[in-house]
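# A structural walkthrough
The primary structure of each chain is shown beneath.
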Amino acid sequence: MASVYSLQEKESWDMNTQEKIEAAGKKKEEGNALFKAGKYARASKRYEKGVKYIEYDTSFSDEEKKQSKALKVTCNLNNAACKLKLKDYKQAEKLCTKVLELDSRNVKALYRRAQAYIHLVDLELAEIDIKKALEIEPDNREVKLEYKVLKDKVKEYNKKDAKFYSNIFSKLTKLESNETNKADVKEAEPMTIDGKS
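Only a predicted model underlies this, so the values are computations on that prediction, with no experimental measurement involved.

Secondary structure summary: the protein chain contains 8 helices and 0 strands in total. The order of helices and strands in the protein chain, counted from the N terminus, is α-α-α-α-α-α-α-α. Burial status across the protein chain gives 34% buried among its 197 residues. Taking all contacts inside the protein chain whose residues are at least 6 apart in sequence as the whole, residues at least 24 apart take part in 53%. As displayed, the protein chain has an accessible area near 13800 Å², and 54% of this comes from carbon and sulfur atoms.

This brings us to the packing of helix α2 (residues 17–36) against helix α3 (residues 40–53). Two elements in contact, α2 and α3, have axes whose closest approach is 8 Å; the angle formed by their N-to-C orientations is 170°. By the angle class used here, α2 and α3 are roughly antiparallel. Contacts from Lys-20, Ala-23, Ala-24, Lys-27, Lys-28, Glu-30, Gly-31, Asn-32, Leu-34 and Phe-35 of α2 reach α3 at Tyr-40, Arg-42, Ala-43, Arg-46, Tyr-47, Lys-49, Gly-50 and Tyr-53. Residues of the contact of α2 with α3, tallied by class, amount to 8 nonpolar, 3 polar and 7 charged.

Our next topic: the environment of Lys-10. With respect to the helices, strands and loops of the structure, Lys-10 is situated in the loop between α1 (2–7) and α2. Considered as a pair, Lys-10 and Lys-20 are 10 residues apart in the sequence and their alpha carbons are 9.7 Å apart. With residues near it in sequence (within four places) discarded, Lys-10 still touches Met-15, Glu-19 and Tyr-53.

What follows covers the environment of Ala-109. Take Ala-109: it is sitting in helix α6 (residues 107–119). A residue is classified by how much of its surface remains accessible, and Ala-109, at 0% relative accessible area, is buried. Taking the C-alpha atoms as reference points, Ala-109 and Thr-97, 12 residues apart in sequence, are found 7.5 Å from one another. The residues contacting Ala-109, other than those within four sequence positions of it, are Leu-77, Cys-96, Val-99 and Leu-100.

To continue, consider a nonpolar patch on the surface. Together, Phe-164, Tyr-165, Ile-168, Phe-169, Leu-172 and Leu-175 make up an exposed nonpolar region whose accessible area comes to about 590 Å². Relative accessible area serves as the criterion here: at 39%, Leu-172 is assigned to the partly exposed category.

A few words now on the side chain of Asn-78. Turning to its location among the elements, Asn-78 is positioned in helix α4 (residues 62–85). In this view, Asn-78 contacts Asn-32, Tyr-47 and Arg-112; residues no more than four positions away in its chain are not counted.

It is worth spelling out the packing of aromatic side chains at this point. The geometry of two aromatic rings is summed up by the distance between their centres and the angle between their planes. Inspection of every chain in the model, using the stated rule, returns 1 aromatic pair. Consider the rings of Phe-35 and Tyr-40, whose centres lie 5.0 Å apart with planes at 65°: the pair is edge-to-face. In this structure Phe-35 comes out as partly exposed when scored by relative accessible area, which is 24%. Over the aromatic face of Tyr-147 sits the side chain of Lys-151, whose NZ or CZ is 4.5 Å from the ring centroid.

The rules behind these values
- Residues numbered from 1 in each chain as written.
- Predicted model: local features only at pLDDT ≥ 70, side-chain atom pairs only at ≥ 80, totals over all residues.
- Heavy atoms only, no water.
- Helix = DSSP H or I, 4+ residues; strand = E, 2+ residues; numbered from the N terminus.
- Buried < 20%, exposed > 50% of the residue type's maximum accessible area, 1.4 Å probe, protein only.
- Contact = heavy atoms within 4.5 Å.
- Areas by Shrake-Rupley, 256 points an atom, 1.4 Å probe, with all protein chains shown as cover.
- Axes fitted to C-alpha atoms, helices over the stretch in contact; angles between N-to-C directions.
- Parallel < 35°, antiparallel > 145°, perpendicular 65-115°, else oblique.
- Nonpolar A, V, L, I, M, F, W, Y, C, P; charged D, E, K, R; others polar.
- Patch = residues over 30% accessible without salt bridge, like charges linked within 9 Å, V, L, I, M, F, W, Y side chains within 5 Å.
- Salt bridge = Lys/Arg side-chain N within 4 Å of Asp/Glu carboxyl O.
- Phe/Tyr/Trp six-rings, centres within 6.5 Å; stacked < 30°, edge-to-face > 60°.
- Lys NZ or Arg CZ within 6 Å of the ring centre and 35° of its normal.

This is the structure:
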């Protein structure tokens, strides 16, 4: 029975800070292997578990906090990639925002959050993130390609908006002309007087 217990993972509250960092690193590696195998939902769970081990790092030394921060950034970024693959764009956006709270100049986080925003049709926010990413890394090919995708989406939505509004205006114009015609017809009808008083 004791051998079975030793194979089980320790609970995080039973671990010291270094063990928590090692456990988080192990979960990240497991997540990476699952991601490469195309098992995005399972990979996502591993990254989440990795972050949980190091979520509360107030008791960590400065060096451990540095390691913890790097792991949080990587796990959340990789989890965001999983969420994008799983079409869970809102979660991908939230995970990238967590990364940007730790590292405001993280180009991958800006890029992935912009991808999420594009899918959520929040094109202005996507543009802000892409422009910021290009300020940091002007030659980043992936970000440049995503900027082109964004511009195409904006054109597409502008065309849809233009068509939508032109349809509304033409319907309003027809309505107004019909109302005007009805009023003209009513005015043209002769008044009848009841002669039986």
